Amino acid sequence: MLQQVMTAPGVIEFREVEIPEITDDQVLIKIMKIGVCGSDIHVYHGKHPFTSYPVTQGHEVSGEIVKLGAKVTGFSEGQKVTIQPQVVCGKCYPCRHGKYNLCEELKVMGFQTTGTASHYFAVDAAKVTPLPEDMSFDEGAMIEPLAVAVHAVRRAGDVKGMKIAVLGAGPIGILVAQTAKGMGAESVMITDVSALRLEKAKECGIDFCINTKNKDFGEAMIENFGPDKADVIYDCAGNNITMGQAIKYARKGSTIILVAVFAGMGEIDLAVLNDHELDLNTSMMYRNEDYIEAIRLVNEGKVSLKPLISKNFAFKDYNEAYKYIDANRETTMKVIIDVQE
C-alpha cells in the first residue's frame, strides 16, 4: 500500500509499505478520507513544537473496516467508521479519572505517532467509532473537529437557553457556534474580520454574524443580546486581540472559554479578569462521548458540515493541498484528501 510521509517541512513522499497486520484487539481500516487541519499546516511549515520528522500525518479520518481481530466484538466488516486519534497511557491521574484527553503521556496520531495517511490503517478497536451508513465519508472525516467543538461547548455545562458569543469564524469557530445552537442555546453571535467566513457562518444558520472590522464587539453584543450581553464567550481565534475583546466586554461574573491554541505567550488584562470575577476556562480535544454527540448533531440536522468543505484533493496530491491552503488562506475552510483513487 501507499503511505504518506512528511520527511521535512514542506517535503512529502509516498512509500510502498506492507499492509499492516492486526492484533486480536485491532481492526484494519481502509482509509477513505482525511481532513487537513490548522495543526497539520503548522507541521507542514515546521512550526509545530511537538512534532519531529519524518511523520505520517492524518488524524481527521473516515474509512471502512475490512478485517476484525479475533477478540473484537461490536463491529462488522464493511462498516463505516472514524478513529479517535489519541494514544494514552491509561495509568496517570487524568486517565484513571476518565479524562484521558489530558493524559500526562498524550500522543496524537499524525504528530507524535504514526497517522492514518495510508491506504490501510491498523488501530485498536477501542479507538474506533461507528458512523451512520448514510453519512458521507467527507462528513465522517469532519467528526473529529466537530468533537472538538462539542467538548468546548460542554465546558460551559448546559447551554440551553443561553446567549453565546464566538470569536473567530474559522472551521472550529463555526462548528462551536453550530454546536451551541444544536445543544439548545437561545441565540448565537459569531465574529470575524473576514466577510467570506462570516457568509459561511450565515449559511450554517448562525443568528448574528458580525464583522469586527466594521462593528465594535461590545456594541454588537448589546445590540444582539441586550444589556446582559453573552452568558458565555468562546475564543476560537486565540490571539491577544480576541481574548482582549472577550475580557473587556464580557458581562461581569460570566464565562470565557479559550478553544483556540495561542501561537505564543498571551498578553491579556488579568486585572479586569480579576475585577469582573470572570471565569476563564479552556478546552482540550475530546472524549468518546463528544464523538457520539457530534454524530448525533449531524444526524439530526443540527450541524451542517458540507458548507465547510472547500476542496478535495487526491491522495498523491497531498502537497498540492497544502499549497492550495497557503494560497487561499482567507477563503479556505476545510480541505479533504481522497485517499482511495
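The residue numbering used here restarts from 1 in each chain and proceeds along that chain's sequence as written. Confidence filtering applies because this is a predicted model: local features only for residues at pLDDT of at least 70, side-chain atom pairs given and counted only at 80 or more, and all residues used for totals across whole chains, interfaces and linings. Here the side-chain values reflect all heavy atoms present in the structure, with hydrogen atoms and water set aside.

**Q** What exactly am I supposed to notice about the packing of aromatic side chains here?
**A** Any two aromatic rings considered together are summarised by their centre-to-centre distance and by the angle between their planes. Here a pair means two rings of Phe, Tyr or Trp (six-membered ring of Trp) with centres within 6.5 Å. Their orientation is stacked below 30 degrees between planes, edge-to-face above 60, and tilted elsewhere. Applying the stated rule across the entire model yields eight aromatic pairs. Chaining the aromatic ring pairs together yields one cluster made of F14, Y44, F315, Y318 and Y322. It is K80 that lies over the ring of F137; its NZ or CZ is 4.7 Å from the centre. Cation over ring: K311 sits above Y324, and NZ or CZ is 5.6 Å from the ring centre. Here, over-ring charges are defined by two tests on the NZ atom of lysine or the CZ atom of arginine: distance to the ring centre within 6 Å, and angle to the ring normal within 35 degrees.

**Q** Would you mind showing me how to read the sheet that holds strand β10 (residues 163-167) here?
**A** To summarise the sheet geometry, strands pair through backbone hydrogen bonds and adopt either a parallel or an antiparallel arrangement. Pairing between strands requires that DSSP locate at least two bridges from one strand to the other. Segments assigned H or I by DSSP are reported as helices when at least four residues long, segments assigned E as strands when at least two residues long, and all are numbered from the N terminus. With parallel pairing, the six strands of this open sheet are ordered in space as β12-β11-β10-β13-β14-β15. The strands lining the two open edges of the sheet, one partner per strand, are β12 (208-211) and β15 (279-282). Geometrically, the sheet is characterised by an average inter-axis angle of 20° between neighbouring strands, direction not taken into account. Contacts are assigned to residue pairs that have any heavy atoms within 4.5 Å of one another. Every axis in this analysis is a line fitted to C-alpha atoms, fitted for helices over the stretch in contact. Angles between the N-to-C directions lie between 0 and 180 degrees. With respect to the sheet, helix α5 (residues 171-182) is in contact with β10, β11 (187-192) and β13 (232-235), its orientation differing from that of β11 by roughly 170°. Sitting on the sheet, helix α7 (residues 217-225) touches β10, β11, β12 and β13, and the angle it makes with β11 is about 160°.

**Q** Sorry, what's going on with the nonpolar core here?
**A** In globular proteins that are soluble, nonpolar side chains generally tend to be buried together. Nine residue types can take part in a nonpolar core, namely buried Ala, Val, Leu, Ile, Met, Phe, Trp, Tyr and Cys, and a core is a set of them joined through side-chain atoms within 4.5 Å. Exposed residues in this analysis have more than 50% of their type's maximum accessible area, buried residues have under 20%, and partly exposed residues fall in between, with area computed by a 1.4 Å probe over protein chains only. Core analysis: the largest hydrophobic core is formed by 82 residues, its most contacted members being I29, I143, L146, I164, V166, I190 and Y234. By residue number, the principal contributor to this core is helix α4 (residues 143-154), which donates eight residues. Ignoring sequence-local partners within four residues, the contact set of I29 consists of G63, E64, I65, V81, I83, H119, Y120, F121, V123 and V128.

**Q** How do you make sense of the packing of α7 against helix α8 (residues 240-249) when you look at a structure like this?
**A** When two helices pack together, their arrangement is given by the angle between their axes and by how far apart the axes lie. The contact between α7 and α8 brings their axes to 9 Å, and the two run at 50°. Classified by the interaxial angle, the pair formed by α7 and α8 is oblique. When you trace α7 past α8, the crossing you get is right-handed. Residue-level contacts link F217, G218 and M221 of α7 to Q245, A246 and Y249 of α8. For this scheme, ten residues count as nonpolar: Ala, Val, Leu, Ile, Met, Phe, Trp, Tyr, Cys and Pro. Four count as charged, namely Asp, Glu, Lys and Arg, and the remainder, Gly too, count as polar. Of the residues contributing to the contact of α7 with α8, the split by class is four nonpolar, two polar and no charged. Between 65 and 115 degrees an angle is taken as roughly perpendicular, under 35 as roughly parallel, over 145 as roughly antiparallel, and anywhere else as oblique. For any helix crossing, the convention is left-handed if the near helix is rotated counterclockwise from the far helix by under a right angle, and right-handed if that rotation is clockwise.

**Q** For this particular structure, what's the right way to read the pairing of strand β1 (residues 2-8)?
**A** Within a regular strand, the side chains alternate between the two sheet faces. The buried count for β1 comes to five of seven residues, which makes it a mostly enclosed element. Two strands pair when backbone bridges link them, and β1 and strand β2 (residues 11-16) are joined in this way by six bridges, in the antiparallel orientation. The residue of β2 that forms the bridge with L2 is E16. Counting the residues that bridge the hairpin from β1 to β2 gives two residues, and of these G10 lies at a positive phi of roughly 80°.

**Q** Just checking my understanding: could you explain the packing of α4 against helix α10 (residues 288-299) for this structure?
**A** Where α4 meets α10, the closest approach of the two axes is 8 Å, and the angle between their N-to-C directions is 105°. Judged by the angle between their axes, α4 and α10 are roughly perpendicular. Between α4 and α10, the residues in contact are I143, E144, L146, A147, V150, H151 and R154 and E289, D290, Y291, E293, A294, I295, L297 and V298, respectively. Of the residues contributing to the contact of α4 with α10, the split by class is nine nonpolar, one polar and five charged.

**Q** Could you clarify how one ought to interpret unusual backbone geometry in this entry?
**A** One can expect most non-glycine residues to show negative phi and most peptide bonds to be in trans. At the junction of Y53 and P54, the peptide bond is cis and its omega measures out at 0° in the coordinates. Phi at E277 takes a positive value of approximately 45°, unusual for a residue other than glycine. Within the secondary structure layout, E277 lies in the loop between α9 (270-275) and β15. A positive phi is found at M285, a non-glycine position, where the angle reads about 55°. Of note, M285 is situated in the loop between β15 and α10.

**Q** Please explain the pairing of strand β4 (residues 60-68) as it appears in this structure.
**A** Pairing between strand β3 (residues 26-36) and β4: eight bridges, direction antiparallel. Paired with G35 across the bridge in β4 is E60. Sheet topology note: the β4/strand β5 (residues 80-83) ladder contains three bridges and is antiparallel. By the bridge assignment, G63 is partnered in β5 with V81.

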